[in-house]
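Chains, contacts and geometry: an overview
Residue-level listing of the chains:
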Amino acid sequence: MKKIMLVATLLSMVYLASLGKITPHQYSQKAIHADSTKGLDPETGLVIAKELDMVKAQCTGCHSSKMILQFRASREGWLERIRWMQRTQKLWDLGEAEPVVLDYLSKYYGPVKHAQRRQPLSNVQWYKLNK
């Protein structure tokens, strides 16, 4: 089921990109937590934080940082993704680096909280249109 959701998300992003509406990079940058005042690393597009060097060393050796930018998950989801890479993609044991990587990924690339609707308008003065 999770694979289907991932494929559906990626396909929708590709579709929107083909329409010129949004690029995967724009999607991921819009999804970064609103309270993040950190800049973005010009090389990878990832949020600059003290854990960034560790993440770059462990993750971008095998794939582009865009794989991180396009995937959003909880800490458990990121751990599951790491275990999948270890089982199927020959990813090494991260050892002591694993909690650092998971902290970073779950903090900056965790699930997106969708904005709620605005409050209903109050004190509106309605008027009749003249025909």
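Quick notes on the overall build of the protein chain
The secondary structure content of the protein chain amounts to 6 helices and 0 strands. The linear arrangement of helices and strands in the protein chain, starting from the amino end, is α-α-α-α-α-α. Here the protein chain holds 131 residues, and the buried ones make up 30% of them. Counted over contacts in the protein chain with a minimum sequence separation of 6, partners at least 24 positions apart contribute 57%. Accessible surface, the protein chain: about 10,100 Å² in total, of which carbon and sulfur atoms supply 57%.

Quick word on the side chain of R72
On the secondary structure map, R72 appears in the loop between α4 (66-69) and α5 (75-88). A distance of 3.5 Å separates the side chain of R72 from the backbone oxygen of Y108, its partner in a polar contact. Within polar-contact distance, the side chain of R72 engages the backbone oxygen of G110 at 3.0 Å.

Let's talk about the confidence of the model for the protein chain
Scored by pLDDT, the protein chain has a mean of 79; 70% of the residues are at 70 or more. A low-confidence stretch, residues 19-36 stays under pLDDT 50, and its non-local contacts, those more than four residues away or across chains, total 31 contacts.

Here's the deal with unusual backbone geometry
With phi around 65°, K90 is a residue other than glycine that occupies positive phi space. Here K90 lies in the loop between α5 and α6 (97-108). Judged by relative accessible area, K90 falls into the exposed class, the value being 77%. One non-glycine residue with positive phi stands out, namely N123, at about 55°.

Some words on the packing of aromatic side chains
Where two aromatic rings form a pair, the distance of their centres and the angle of their planes describe that pair. Per the stated rule, a full pass over the model turns up 3 aromatic pairs. Between the aromatic rings of F71 and W78, the centroid separation amounts to 4.9 Å while the plane-to-plane angle is 80°, which identifies the pairing as edge-to-face. Of the residues examined, W78 reaches a relative accessible area of 5% and is grouped as buried. Ring geometry for Y104 versus Y108: centroids 5.1 Å apart, planes at 50°, classification tilted. With Y104 and Y108 both in helix α6 and 4 residues apart, this pair spans about one turn of that helix. Here Y104 and Y108 have matching classes, each one buried. Grouped by ring-pair contacts, the aromatic residues Y104, Y108 and Y109 constitute a single cluster. The positively charged end of R81 is found above the aromatic ring belonging to F71, 4.4 Å away from the centroid. One Lys or Arg, R81, reaches over the ring of W84 and ends 5.4 Å from the middle of that ring.

Concerning the environment of L102
Take L102: it is sitting in helix α6. In this structure L102 comes out as buried when scored by relative accessible area, which is 4%. A C-alpha to C-alpha distance of 9.6 Å links L102 and G77, two positions 25 residues apart in sequence. Discounting residues that sit within four places of it in the chain, L102 has contacts with R75, W78, L79 and I82.

How each quantity is defined
Residues numbered from 1 in each chain as written. Predicted model: local features only at pLDDT ≥ 70, side-chain atom pairs only at ≥ 80, totals over all residues. Heavy atoms only, no water. Helix = DSSP H or I, 4+ residues; strand = E, 2+ residues; numbered from the N terminus. Buried < 20%, exposed > 50% of the residue type's maximum accessible area, 1.4 Å probe, protein only. Contact = heavy atoms within 4.5 Å. Areas by Shrake-Rupley, 256 points an atom, 1.4 Å probe, with all protein chains shown as cover. Polar contact = N/O pair within 3.5 Å; in protein donor to acceptor, adjacent residues only side chain to side chain. pLDDT = per-residue confidence, 0-100. Phe/Tyr/Trp six-rings, centres within 6.5 Å; stacked < 30°, edge-to-face > 60°. Lys NZ or Arg CZ within 6 Å of the ring centre and 35° of its normal.

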